[in-house]
Amino acid sequence: QVQLVESGGGLVQAGGSLRLSCAASGRFFSSYAVGWFRQALGKEREFVTGIMWSGERTNYADSVKGRFTISRDAPKKTVYLQMNSLKPEDTAVYYCNADGRWAGYGNYWGQGTQVTVSS
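Residues numbered from 1 in each chain as written. Predicted model: local features only at pLDDT ≥ 70, side-chain atom pairs only at ≥ 80, totals over all residues. Heavy atoms only, no water.

Peer 1: Explain the overall build of the protein chain to me, using residue names and the numbers behind them.
Peer 2: The helix and strand inventory of the protein chain stands at zero helices and 11 strands. The C-alpha atoms of the protein chain give a radius of gyration of 14 Å, which matches the 14 Å a tight globule of 119 residues would have. Taking all 119 residues of the protein chain together, 42% fall into the buried category. Taking the intrachain contacts of the protein chain between residues at least 6 apart in sequence as the baseline, contacts between residues at least 24 apart amount to 53%. Just so you have it, the protein chain exposes about 6,300 Å², and 48% of that area is on carbon and sulfur atoms. (Helix = DSSP H or I, 4+ residues; strand = E, 2+ residues; numbered from the N terminus. Rg over C-alpha atoms; globule rule 2.2 N^0.38 Å. Buried < 20%, exposed > 50% of the residue type's maximum accessible area, 1.4 Å probe, protein only. Contact = heavy atoms within 4.5 Å. Areas by Shrake-Rupley, 256 points an atom, 1.4 Å probe, with all protein chains shown as cover.)

Peer 1: Any details on the nonpolar core? Residues and values, ideally.
Peer 2: Among the nonpolar cores identified, the biggest contains 30 residues, and Val-34, Trp-36, Val-79, Met-83 and Tyr-94 are the most heavily contacted of them. Elements with a minimum of two residues in this core: strand E1 (2-7), strand E3 (18-26), strand E4 (33-39), strand E5 (46-52), strand E7 (68-73), strand E8 (78-83), strand E9 (92-99) and strand E11 (113-118). (Core = buried A, V, L, I, M, F, W, Y, C linked by side-chain atoms within 4.5 Å.)

Peer 1: Give a detailed account of the pattern of salt bridges, specifying residues and quantitative values.
Peer 2: Per the counting criterion, the structure on display carries five salt bridges. The salt bridge partner of Glu-46 is Arg-38, with a shortest N-O separation of 2.7 Å. Look at Glu-46 and you get partly exposed, because its relative accessible area is 37%. The buried category is assigned to Arg-38, whose relative accessible area is 6%. In this structure, the salt-bridge partner of Asp-90 is Arg-67, at a minimum N-O distance of 2.7 Å. With Asp-90 in the loop between E8 and E9 and Arg-67 in the loop between strand E6 (58-60) and E7, the pair connects residues that are 23 residues apart, well separated along the chain. On the basis of relative accessibility, which here comes to 1%, the residue Asp-90 falls in the buried class. Note on Arg-67: relative accessible area 10%, which makes it buried. (Salt bridge = Lys/Arg side-chain N within 4 Å of Asp/Glu carboxyl O.)

Peer 1: I'd like a description of the environment of Leu-20, backed by residues and values.
Peer 2: Looking at where Leu-20 falls in the secondary structure, it is placed in strand E3. In this structure Leu-20 comes out as buried when scored by relative accessible area, which is 0%. Sequence separation between Leu-20 and Tyr-80 is 60 residues; the distance between their C-alpha atoms is 5.5 Å. Those residues in contact with Leu-20, other than ones at most four positions away along the chain, are Ser-7, Gly-8, Gly-9, Trp-36, Val-79, Tyr-80, Leu-81, Met-83, Tyr-94, Thr-113 and Val-115.

Peer 1: Quick rundown of the state of the cysteines? Include the residues and the values.
Peer 2: The full count for this structure, using the stated rule, is one disulfide. A disulfide bridge connects Cys-22 with Cys-96, and the sulfur atoms are separated by 2.0 Å. Because the sign of the S-S torsion sets the handedness, a value of about -85° for the bond joining Cys-22 and Cys-96 places this disulfide among the left-handed ones. Here Cys-96 lies in strand E9 and Cys-22 lies in strand E3, a separation of 74 residues in the sequence. (Disulfide = S-S within 2.5 Å.)

Peer 1: Summarise the sheet that holds E8; cite the residues concerned and give the values.
Peer 2: The pairing of strands in a sheet comes from backbone hydrogen bonds and takes either a parallel or an antiparallel form. An order of E1-E3-E8-E7 is seen for the four strands of this open sheet, with the pairing classed as antiparallel. Both outer strands of the open sheet, E1 and E7, are each paired with one neighbouring strand and no more. Each strand of the sheet is rotated relative to its neighbour by a mean of 20°, with strand direction disregarded. Taken together, the six bridges between E7 and E8 define a ladder with antiparallel strand orientation. Note that in E8 the partner of Thr-69 across the bridge is Gln-82. (Pairing = 2+ DSSP bridges. Axes fitted to C-alpha atoms, helices over the stretch in contact; angles between N-to-C directions.)

Below, the structure is given as structure tokens:
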């Protein structure tokens, strides 16, 4: 079992920055891919960015490329999402995800953290 706890959300003006954190605990292994998803009001949850915990390979949605950066601190078992040049359309609940299904482990979600970007 893996537990994920997000923090760092809040209200920011357009053009501003926020950094989200996701702390993992429990039986967490280097085989996991860890990422961020978001869900805006009335819309489906969508992929934002992900990182392979073992090799730092990253992937980004086109809508956030060049503005968002994912990183991880392995000893702290924490993944970060640095969000710059925020836009009102980035407003959503952001969820941390740890997916180990390809290695026979589970798929886990955090509780989510609200990000609101005002225009």
